[in-house]
Number of protein chains: 4
Amino acid sequence: MRVIFIGDVMGEIGQTMLTTYLPKLKSKYRPQLTIVNGENIASGKGITRPLYKLILQAGADVVTMGNHTFDKQEIFEFIDEAKKLVRPANYPAATTPGQGYTLVKINQVVVGVINLQGRVFINPIDDPFAKADELVKQLQDKCDLIFVDFHAETTSEKLAMAWYLDGRVAAVIGTHTHVQTNDARILPKGTAYLTDAGMTGPYNEILGMNKDRVIEKFRTNLPVRFETPKSGPGQLNGCYFELDEKTGRARKLQPFSINPDRPFLE
Amino acid sequence: MRVIFIGDVMGEIGQTMLTTYLPKLKSKYRPQLTIVNGENIASGKGITRPLYKLILQAGADVVTMGNHTFDKQEIFEFIDEAKKLVRPANYPAATTPGQGYTLVKINQVVVGVINLQGRVFINPIDDPFAKADELVKQLQDKCDLIFVDFHAETTSEKLAMAWYLDGRVAAVIGTHTHVQTNDARILPKGTAYLTDAGMTGPYNEILGMNKDRVIEKFRTNLPVRFETPKSGPGQLNGCYFELDEKTGRARKLQPFSINPDRPFLE
Amino acid sequence: MRVIFIGDVMGEIGQTMLTTYLPKLKSKYRPQLTIVNGENIASGKGITRPLYKLILQAGADVVTMGNHTFDKQEIFEFIDEAKKLVRPANYPAATTPGQGYTLVKINQVVVGVINLQGRVFINPIDDPFAKADELVKQLQDKCDLIFVDFHAETTSEKLAMAWYLDGRVAAVIGTHTHVQTNDARILPKGTAYLTDAGMTGPYNEILGMNKDRVIEKFRTNLPVRFETPKSGPGQLNGCYFELDEKTGRARKLQPFSINPDRPFLE
Amino acid sequence: MRVIFIGDVMGEIGQTMLTTYLPKLKSKYRPQLTIVNGENIASGKGITRPLYKLILQAGADVVTMGNHTFDKQEIFEFIDEAKKLVRPANYPAATTPGQGYTLVKINQVVVGVINLQGRVFINPIDDPFAKADELVKQLQDKCDLIFVDFHAETTSEKLAMAWYLDGRVAAVIGTHTHVQTNDARILPKGTAYLTDAGMTGPYNEILGMNKDRVIEKFRTNLPVRFETPKSGPGQLNGCYFELDEKTGRARKLQPFSINPDRPFLE
Ligand SMILES: [Fe+2]
Ligand SMILES: [Fe+2]
Ligand SMILES: [Fe+2]
Ligand SMILES: [Fe+2]
Ligand SMILES: [Fe+2]
Ligand SMILES: [Fe+2]
Ligand SMILES: [Fe+2]
Ligand SMILES: [Fe+2]
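What comes next concerns the included structure. Keep in mind that this is a model prediction, so the values were computed, not measured.

Quick notes on the packing of aromatic side chains
Taken as a whole and assessed by the stated rule, the structure comprises 42 aromatic pairs over all chains. Between Phe 121 of chain C and Phe 121 of chain D, the aromatic rings sit 4.0 Å apart at their centres with planes inclined by 5°, giving stacked as the arrangement. In this pair, Phe 121 of chain C is assigned in the loop between strand 6 (109-117) and helix 4 (128-139) and Phe 121 of chain D in the loop between strand 6 (109-117) and helix 4 (128-139), connecting two distinct chains. The exposure class of Phe 121 of chain D is partly exposed, given its relative accessible area of 39%. Judged by centre distance (5.5 Å) and plane angle (20°), the ring pair of Phe 129 of chain C and Phe 218 of chain D falls under stacked.

The following block contains the structure:
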């Protein structure tokens, strides 16, 4: 199965990059499944119902999230109906709306898409390793392939998750740092891994936020209001997978970046 | 000027990778200046006098460090004589031995090599942005080129430093996360930038430390002793620069990775 | 029921303070139940079998712990037999030896002693609020009184736990910061609360560790080996409760401090 | 010299407690100098010009601040004229308006009031120990007495500062955790010390913020808007000092708490 994943779409520039390039990426890679991380699509923080629909209309089958899932109050009104949206599965079960995984059927192949969030330098939520165990056990008989978007800060927690799940899921792809890493590989037991897919949004800013403000914050330690610019050059980052539905493992992982320095090649 | 930078060399596997591939990299890229980050060379933590010499004998001109600089007690005995070793410049001046930058003369070109350390999720030392300002001002008339190894955890702090110094130094290269990023670029005013160069050491472990131990730590939160293995497949990560000594800016930045999945190509 | 709690006993000075003053405190307050936090008794980090016995022989009925529970390797050999020792209940169930609560029967009164650990600025373990809910539900029919030692860093997390459990347990007493707070009170629904009981150990040091080393660490950010001194003036901190076994609530909470500035008064 | 210090005044309840009880405290202790921490007076976050005046009119001579100093945008308009307001001295000099200390003359006695902020688990600003050294050196010939409000999270950083300055300043009083500690003492070389003075505001909430919201935040990890209630029972916390202007040291330190459980005693 051919799969495309696109990293954290941020604000209006991110929306434009997504709607412009996802069709071209589809022509190029002919994915049967497209997954997009949408945690920053609404002005850099959270998601709204129209923007959830925009991602689906742009061609995504599943939208994954992260620590910004609930930043827009509006999400509480539609998350329980949003069947294609997954938020980190290891938020506390008793108090968190929405779902931590979803199943997608493509022809006769069932893919489970799981979203998990790390705990190092982010919120102290439930154990992502224990939750991964639980979900893999629960899904392995229902799915031909399992895909994990692990939204985490440190390289160590992401690498630990990937090695922990190696051979049990088809892919562990990291998000959250907004910078794509250059370590794509297939681990020995068949799991495709990339520490971070990178983000989709402004190219000349800092993680998608206005760079002058971010620099000011670091230099002054005074309160600064971060904003994502509405126009300017954009970038899109993600990766292409070939997963083997017979073995549940990965055959190929190939990251891509589109930006003014790396124009899209058909 | 052609420059090679090699990311955090870790333990014995890192030493072997360095001594094996640095000569080959030199044949390939013919660098006039070679810089190696050595903060993890002694069993993953710190550096000793023989290992400092080993790096120089392997072909390095300058050794940069990071938050592990002082992990081996022995460093206090030789750091003040180690003219080619730079530790983060923003450790407190009054109490920190060693130097935060060094000047290297190659033919008639003088290059200043600065080491700085971030403060987000690491030690609260002096302001790296203010120290960068101070050192750039101090060095700009003495140097044709300035190279910065910024040892920091988060992508935001590294990007902020790069944009802050854009046009004032030839290169800002990040270290510390041990995973190479895929965002090498020349910023608009001419500074070469890469969020992280990656590390040089074990390939099938987590940041160079035994992966079973790291996973155990995440799963149990019990005390675990991390160790870097002494044998097994290795990786080497770094990048190649072409810097323009007339303008003080960069012309080219090209990361490289050597590992079992990406064999060295002459 | 009259209860005494004594805060984190640290190293040899802490042992001496405990064995010297616990008998005098018993004469003064005539407690029917004595609980001692022992997480720092072995040189400031962890506990050994002989020191566990020393605490019991000094007159304690239950020993509570905290983030240092497993610092001494030896604990893995005896924790499962140590029926009077409780470690934080919200460490992961699958991988943590020992128990998170114990029941003590005094005459016909059954007291449940629970140990929980916070997650803000400490290890990211399981949710202490959810675990508290679970244990209170489990114990309420088996116990006449429930006592909670909540080992946590921030005042907010401790206050939140106390208000959350108000009326459901007899007492929530904080530990970990090693400084006694001056906010002892009975909350509106009957739970006795003190943000921190303070520690039992050296009086002229920093949290029980050699003060010169701690100051050096803050000033230099260099590696420093912390040690707890073996002799010198000591302090003991704790509190006295009167709990009502008929209602499961508290009637009285009175902190005490013994040190050279505040000598013990019979 | 008799001095009163009052901990972090929070919101409207804090204002009421201050204006109600400061006159009574003045009658009781007859202080010659009154210092009030005002970092939370404006709805829990920051200060405005009218509220700065309110504190002075209530009877304060100096207003100290902390990490919330700049939360209300309005402060940038008046801080440079606010001669009686001190913000943490170790914010970066180049970019921070306002002053880090002030001198007050009472009869013929000159008192220097310094505000410093810790770096552990708060903002990474300049080194408070180095800044303390610098200011003490600068002020010691100009002042008879030096008073330090050290706004910091951890007990270790506060104790380290107190022992570091022992004998060089008359008092080191901690703020920020909003809970008064029970460890008031005069250190061996004469510096009065209290780890935290506590806060002045709502009594039945968490650190002054609505307790239901804080508990919800801990339990859900969802975005929650913290608010300080405008009415309800209040508390006031602070301490009374007797400082010796001839020696620059302290003779007495006596904390006080006023709340429904501990009514004010004339
Ligand atoms: Fe994101
Ligand atoms: Fe994120
Ligand atoms: Fe490193
Ligand atoms: Fe490092
Ligand atoms: Fe402790
Ligand atoms: Fe502790
Ligand atoms: Fe405050
Ligand atoms: Fe504060």
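Comments concerning the relation of the copies chain A and chain B
Once turned by 180° and shifted 0.0 Å along the axis, chain A lies on chain B with an RMSD of 0.0 Å. What we have between these two chains is a two-fold relation. Using C-alpha coordinates, one finds that chain A approaches the rotation axis most closely at Thr 181 of chain A, a distance of 1.9 Å. A symmetric contact is evident, with 100% of the interface residues of chain A recurring at the interface of chain B.

Considerations on the relation of the copies chain C and chain D
With an axial shift of 0.0 Å and an RMSD of 0.0 Å, the rotation relating chain C to chain D amounts to 180°. Counting the interface residues of chain C, we find that 100% of their copies in chain D are interface residues as well, pointing to one common contact surface.

Description of the interface of chain C and chain D
Listed by partner, the interface residues are 38 residues for chain C and 38 residues for chain D. When chain C packs against chain D, close to 3400 Å² is buried across both sides, 61% of that on carbon and sulfur atoms. Together, Trp 163, Asn 182 and Phe 218 of chain C form the three largest contributors to the area buried by chain C at its contact with chain D, with a combined 20%. Counting across the chain C and chain D interface gives two salt bridges. For the interface between chain C and chain D, the tally reads 12 residue pairs in polar contact (both at pLDDT 80 or more).

A closer look at the interface of chain A and chain B
Contacts between the two partners involve 38 residues from chain A, matched on the other side by 38 residues from chain B. Summed over both sides, the interface between chain A and chain B buries roughly 3400 Å², with carbon and sulfur atoms accounting for 61% of that surface. On the chain A side of the interface with chain B, the three residues burying the most area are Trp 163, Asn 182 and Phe 218 of chain A, jointly 20% of the side's total. Scanning the region where chain A abuts chain B turns up three salt bridges. A salt bridge links Arg 219 of chain A to Asp 133 of chain B, with the nearest nitrogen and oxygen atoms 4.0 Å apart. If you look at where chain A meets chain B, you find 12 residue pairs in polar contact (both at pLDDT 80 or more). Where the side of chain A that touches chain B is concerned, the elements lending two or more residues are helix 4 (128-139), helix 5 (155-165) and helix 6 (211-220) of chain A.

Thresholds applied
- Residues numbered from 1 in each chain as written.
- Chains lettered and ligands numbered in written order.
- Predicted model: local features only at pLDDT ≥ 70, side-chain atom pairs only at ≥ 80, totals over all residues.
- Heavy atoms only, no water.
- Phe/Tyr/Trp six-rings, centres within 6.5 Å; stacked < 30°, edge-to-face > 60°.
- Helix = DSSP H or I, 4+ residues; strand = E, 2+ residues; numbered from the N terminus.
- Buried < 20%, exposed > 50% of the residue type's maximum accessible area, 1.4 Å probe, protein only.
- Least-squares fit on C-alpha atoms with pLDDT ≥ 70 in both.
- Contact = heavy atoms within 4.5 Å.
- Buried area = accessible area lost by both parts, 1.4 Å probe.
- Salt bridge = Lys/Arg side-chain N within 4 Å of Asp/Glu carboxyl O.
- Polar contact = N/O pair within 3.5 Å; in protein donor to acceptor, adjacent residues only side chain to side chain.

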